[in-house]
Amino acid sequence: MRPRRALRPAEGRHSLQSGLEDLLEHVARGDRAAFERVYDLVAGPVYGLVLRVLRDPAQSEEVAQEVLVEVWRSAARYERARGSAMAWVMTIAHRRAVDRVRAVQSAVDREDRVARLEVHRPFDEVAESVGARLERERLRRCLDGLTELQRQSVTFAYYGGYSYREVAELLKVPLATVKTRMRDGLIRIRDCLGVER
């Protein structure tokens, strides 16, 4: 999007502002020729501002068009007493550009959240959790079926990470007794869990 006609150097800033303000009054009454002139005057600056915010030429053209449509539709809302016509148009352009940035960022954030949910919460997570809980419960019941010495020996060795010798010292029993009780306890657990040999 480029302005249709470049301004001549002789046209001063003041005349541009007052001319733009007068043109907006005509646009507010539905004057299409006045809008074409407004378009020529503001299209370039609007596009430049939007491009600086968005940094994407295609989106910048789209947003600049939206700004110009809004200028056409809302020209009656412009009030000279509140500021220059160019400042009013550029404020619309800046707000539209920022809204687009927020909308794009919001969409990206939404997609990221969905992607993280899909990665971290697979469909079978609940089933796996329930299955693991049931396995722990079965194992606890099997451990409850052991003698006290067998249960302590297995618990210290497999859950505490102690060696046979350390288990024997903790329980104050001979090493050979710990090895035998542990072997017998593991066989009973295997049978209780239904594990085939």
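Up top is the structure these notes are about.
Residues numbered from 1 in each chain as written. Predicted model: local features only at pLDDT ≥ 70, side-chain atom pairs only at ≥ 80, totals over all residues. Heavy atoms only, no water.

### Comments concerning the environment of Arg165
Where we set the bar: By the criteria applied, helices consist of DSSP H or I runs no shorter than four residues and strands consist of E runs no shorter than two, each listed in order from the N terminus.
Relative to the helices and strands, Arg165 resides in helix α7 (residues 164-171). Considering only alpha carbons, one finds Arg165 and Leu175, 10 residues apart in sequence, at a separation of 6.0 Å.

### What to know about the state of the cysteines
To keep it simple, the criterion reads: Throughout, disulfides are identified as pairs of cysteine sulfur atoms within 2.5 Å of each other. Summary of the burial criterion: residues with accessible area below 20% of their type's maximum are buried, those above 50% are exposed, and those between are partly exposed, where the area comes from a 1.4 Å probe applied to protein chains only.
Counted according to the given criterion, the structure contains 1 disulfide. Between the sulfur of Cys142 and that of Cys192 lies a disulfide, 1.9 Å long from S to S. As the torsion about the S-S bond is roughly -80°, the Cys142-Cys192 disulfide counts as left-handed. Here Cys192 lies in helix α8 (residues 175-193) and Cys142 lies in helix α5 (residues 125-144), a separation of 50 residues in the sequence. Judged by its relative accessible area of 4%, Cys142 is buried. Residue Cys192 is classed as partly exposed on the basis of its relative accessible area of 42%.

### Observations regarding the packing of helix α6 (residues 148-159) against α7
Selection criterion: The axes are straight lines fitted to the C-alpha atoms, using for helices just the contacting stretch, and the angles between their N-to-C directions are given from 0 to 180°. The scheme is simple: roughly parallel for angles under 35 degrees, roughly antiparallel for over 145, roughly perpendicular for 65 to 115, oblique for anything else. Crossing handedness is defined as follows: a turn of the near helix away from the far one that is anticlockwise and smaller than a right angle gives a left-handed crossing, while the clockwise case is right-handed. Any two residues whose heavy atoms approach within 4.5 Å at even a single point are treated as in contact. In this classification, Asp, Glu, Lys and Arg are treated as charged, Ala, Val, Leu, Ile, Met, Phe, Trp, Tyr, Cys and Pro as nonpolar, and every other residue, Gly included, as polar.
At their nearest, the axes of α6 and α7 sit 10 Å apart, and the two run at 130° to each other. Relative to α7, the element α6 lies oblique. In this structure, the crossing between α6 and α7 has a hand that is right-handed. Note on element contacts: α7 touches α6 through Val167, Leu170 and Leu171, opposite Leu149, Gln152, Ser153, Phe156 and Ala157. Here the residues of the contact of α6 with α7 sort into 6 nonpolar, 2 polar and no charged.

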